[in-house]
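Single-letter residue listing:
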Amino acid sequence: AYRKRRQNALHALAAVKNEIARLKSRLSAPVKMVAWFDFEQNTATTTKDNVGSYVGKLHGDAVIGPGKYGKGITLDGNGDFVDGTAQSAFQVKRGTIMAWFRFDADIRSEGQIVGMPFHATKWTNPYYALQAWISPDGRYLGAQTNHNGARIQTLYPSRDKLNVKANQWHHIAAAYDGRFVRLFIDSRPVSIFDAGSANGSIRYDGSPNLTIGTRNVVDVGNSFKGKIDEVKLFEGALNAAQ
């Protein structure tokens, strides 16, 4: 009886070890974080990144106020934004951009929540390297990037199906892995765009700015109205579990 129990226990242990090995094999390699603005280290006109010590500049009436965790940035939708300053480190070929956001009910402009313009000082086509945005009526959330020089984007109706409402905190992430653009809302994968070729990457002309609350630091437009917190940029595509 003892030998039988021991044998059963060994079989059970072997099954557990196999399951652990299987789960470990599914884990992705660590993805490097390039920037993390949490709006906790500020002056009246700047905010500091936690990873590369980049100093973001506050423009317009952008102010530091209550955020999702501690402090965040408040934007009035009328030209406010935070400029992470142009950095070659932001030139991720495949990456993930994410942030917590809380949009105002009277948002009237297609607002970039967070992203990197394709070029820091001039418009080129396509315009964006990697971007997460909300539509002017607050109904749609989307992501876009340039895949081998061609702009691709994904969007999803948020108000009805995702329970994303004004004046509530939600999380958005856009991930690009060289073929797919994936949009995650509140950690759920909700939309995907297949670019059709497996070995793509983002192309750059100059060093991009990590911009928070607007589409471009030169031709300012599509201003976000509301609050943003915990902006992060990763050099690689995160999955839902990560």
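Trainee: Hey, could you run me through the side chain of glutamine 131 in this one?
Mentor: Within the secondary structure, glutamine 131 is located in strand 9 (residues 128–134). Side chain to side chain, glutamine 131 and glutamine 144 meet in a polar contact 2.4 Å long. Dropping the residues within four chain positions of it, glutamine 131 is found in contact with Ile97, Gln112, Val114, Gly115, Gly142, Ala143, Gln144, Ala174 and Arg215.

Trainee: Looking at this structure, I do not really get the environment of proline 136. What am I missing?
Mentor: Tracing the sequence through the fold places proline 136 in the loop between strand 9 and strand 10 (140–147). When its relative accessible area of 35% is taken as the criterion, proline 136 is described as partly exposed. Measuring from C-alpha to C-alpha, the distance between proline 136 and glutamine 7 comes to 65 Å, with 129 residues separating the pair along the chain. Apart from residues no more than four positions distant in its own chain, proline 136 is found in contact with Ile107, Arg108, Ser109 and Glu110.

Trainee: For this particular structure, what's the right way to read the pairing of strand 7 (residues 96–103)?
Mentor: Where burial is concerned, most of strand 7 is hidden: seven out of the eight residues are buried. Bridge analysis of strand 7 against strand 16 (residues 225–234) gives seven bridges, and the strand direction is antiparallel. Bridging from a neighbouring strand, threonine 96 pairs with phenylalanine 234 of strand 16. When strand 7 meets strand 12 (residues 170–176), the two strands line up antiparallel, connected through six bridges.

Cut-offs and rules
- Residues numbered from 1 in each chain as written.
- Predicted model: local features only at pLDDT ≥ 70, side-chain atom pairs only at ≥ 80, totals over all residues.
- Heavy atoms only, no water.
- Helix = DSSP H or I, 4+ residues; strand = E, 2+ residues; numbered from the N terminus.
- Polar contact = N/O pair within 3.5 Å; in protein donor to acceptor, adjacent residues only side chain to side chain.
- Contact = heavy atoms within 4.5 Å.
- Buried < 20%, exposed > 50% of the residue type's maximum accessible area, 1.4 Å probe, protein only.
- Pairing = 2+ DSSP bridges.

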